[in-house]
Amino acid sequence: MNKIGILATYLTQEHRDKIQAAADLAGREVHYFKDAADCEANLGDCEILYGYIPAGFIKKAASLKWLATAAAGVDALLKDEIYPHEGIILTNSSGSYGVTISEHMIMTTLMLMRRMPAYQEEMRRQEWGSLGNIRSIYGSTIVVVGTGDIGTNFACRAKAMGAARVIGVRRTLKEADPAFDEVYTTDRLKEAVVGADVVALALPATASTIGVFSKEIIDSLPSRALVLNVGRGNAVDQDALIDALNEERIAGAALDVMVPEPLPKGHPLFSAKNCILTPHCSGTMTLQHTNDANVDTFCRNLVRYARGEEMENVIDRGIGY
């Protein structure tokens, strides 16, 4: 008891110093696992686990009271059967990834709007010439499906670059960031995407989000629409999206998540027209800001946990966020 077990390869000495200071305030001992094997062998007496703890190890953590995942997505950590007992608090690191993932979204949006894939292909052929008209975020209508940290960060950046309308789509209606000009509930998604230049999906993996971007929704998109997905691949009818791209019924897509992952060689997504694919890398621990924010969230929560105060980012495992 009173032991914190940490499995996180991205930590600097400054991060470790911050964690130690928070642990001292919380009256806890910190143990850093050398690797996954060390974690599996020695997590049994840990009251708190932080970092990227494999779901298959958690059952062995007999003393566990709080699991603080360094990830934002928690779909692998929701089932009761992976836990050693009831009452374990699960928190995620939402708030750490908004900057890096929204910048990725802006980058891929501009790449598609400015025809970068086609220009790069032209350069590979050692050809030289204009490919004609391009588009701009300025004056565009952008629909953001999922108005949490990532979706809101993207909305703010799109608005700052001159997007004419930014529409948010979420499960329930409640006050949203001023970057959203309008907010629709998910059951009105088909209505929300009418006239969209960009539809950006930033949804968690829950039972209610599987297949939400259906063939019916894809088929209703205007021909100029670009589709981004940085949430979970299973939110999209992938076959319908591939058909819409190859038949040029939509203008393009940028996918950082897909089904399955990793995408196997020869998969039709690799050859889909005007589709930018990235290997689920938009939100990894590769940006210093992300790492710093992640550690800061854990340290704040550690002090709150020790004081019996309300914690940030507590997950309701029943709904998945």
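What counts as what
- Residues numbered from 1 in each chain as written.
- Predicted model: local features only at pLDDT ≥ 70, side-chain atom pairs only at ≥ 80, totals over all residues.
- Heavy atoms only, no water.
- Pairing = 2+ DSSP bridges.
- Helix = DSSP H or I, 4+ residues; strand = E, 2+ residues; numbered from the N terminus.
- Axes fitted to C-alpha atoms, helices over the stretch in contact; angles between N-to-C directions.
- Parallel < 35°, antiparallel > 145°, perpendicular 65-115°, else oblique.
- Left-handed = near helix turned anticlockwise from the far one by under 90°.
- Contact = heavy atoms within 4.5 Å.
- Nonpolar A, V, L, I, M, F, W, Y, C, P; charged D, E, K, R; others polar.
- Phe/Tyr/Trp six-rings, centres within 6.5 Å; stacked < 30°, edge-to-face > 60°.
- Buried < 20%, exposed > 50% of the residue type's maximum accessible area, 1.4 Å probe, protein only.
- Lys NZ or Arg CZ within 6 Å of the ring centre and 35° of its normal.
- Core = buried A, V, L, I, M, F, W, Y, C linked by side-chain atoms within 4.5 Å.
- Polar contact = N/O pair within 3.5 Å; in protein donor to acceptor, adjacent residues only side chain to side chain.

Caption draft 1: The sheet that holds strand β6 (residues 141-145), seen in detail. With parallel pairing, 7 strands are arranged side by side in an open sheet as β8-β7-β6-β9-β10-β11-β12. Both outer strands of the open sheet, β8 (182-185) and β12 (275-277), are each paired with one neighbouring strand and no more. Averaged over neighbouring strand pairs, the angle between their axes works out to 15 degrees when direction is ignored. Here strand β10 (residues 226-229) pairs with strand β11 (residues 252-255) via 4 bridges, running parallel.

Caption draft 2: Examining the packing of helix α3 (residues 98-113) against helix α5 (residues 149-160) more closely. Their axes nearest at 8 Å, the elements α3 and α5 cross at an angle of 50 degrees. If you check the angle between α3 and α5, you find them oblique. Handedness of the α3/α5 crossing: right-handed. Mapping the contact onto sequence places G98, V99, I101, S102, E103, M105, I106 and T109 in α3 and D149, I150, N153, F154, R157 and A158 in α5. In the contact of α3 with α5, the residues fall into 7 nonpolar, 4 polar and 3 charged.

Caption draft 3: How the structure looks around the packing of aromatic side chains. Summed over all chains, the structure comprises 4 aromatic pairs. Ring geometry for Y10 versus Y52: centroids 6.3 Å apart, planes at 85 degrees, classification edge-to-face. Here Y10 is found in the loop between β1 (3-7) and α1 (13-26), whereas its partner Y52 is found in the loop between β3 (48-51) and β4 (66-69), with 42 residues between them in sequence. The exposure class assigned to Y52 is partly exposed, which follows from its relative accessible area of 35%. Residues Y50 and F298 carry aromatic rings whose centres are separated by 4.2 Å and whose planes lie at 10 degrees to one another, so their mutual orientation is stacked. Of this pair, Y50 sits in strand β3 while F298 sits in helix α9 (residues 288-307), placing them 248 residues apart in sequence. Overall, F298 belongs to the buried group, its relative accessible area being 3%. Put simply, the rings of Y50, W66, F298 and Y305 touch in pairs and so form one group of aromatic residues. Note that R16 overlies the ring of Y32, its terminal NZ or CZ placed 4.0 Å from the centroid.

Caption draft 4: Fine view of the nonpolar core. Of all hydrophobic cores here, the largest spans 49 residues; its most connected members are I6, I19, Y50, F298 and L302. One finds V145, V199, A253 and L255 within the second-largest nonpolar core, a separate group that totals 34 residues.

Caption draft 5: Quick peek at the side chain of S93. With respect to the helices, strands and loops of the structure, S93 is situated in the loop between β5 (89-91) and α3. Residue S93 is classed as buried on the basis of its relative accessible area, which comes to 3%. At a separation of 2.8 Å, a polar atom in the side chain of S93 contacts the main-chain carbonyl oxygen of T69. If we ignore the near neighbours within four places in the chain, the residues touching S93 are T69, A70, A71, A72, N294 and N313.

Caption draft 6: The packing of α1 against α9, seen in detail. At a minimum axis distance of 8 Å, the contact between α1 and α9 shows a crossing angle of 10 degrees. Judged by the angle between their axes, α1 and α9 are roughly parallel. Touching H15, K18, I19, A22, A23, L25 and A26 of α1 are Q288, N291, D292, V295, D296, F298, C299, L302, V303 and A306, all from α9. Taken together, the residues that form the contact of α1 with α9 break down as 11 nonpolar, 3 polar and 3 charged.

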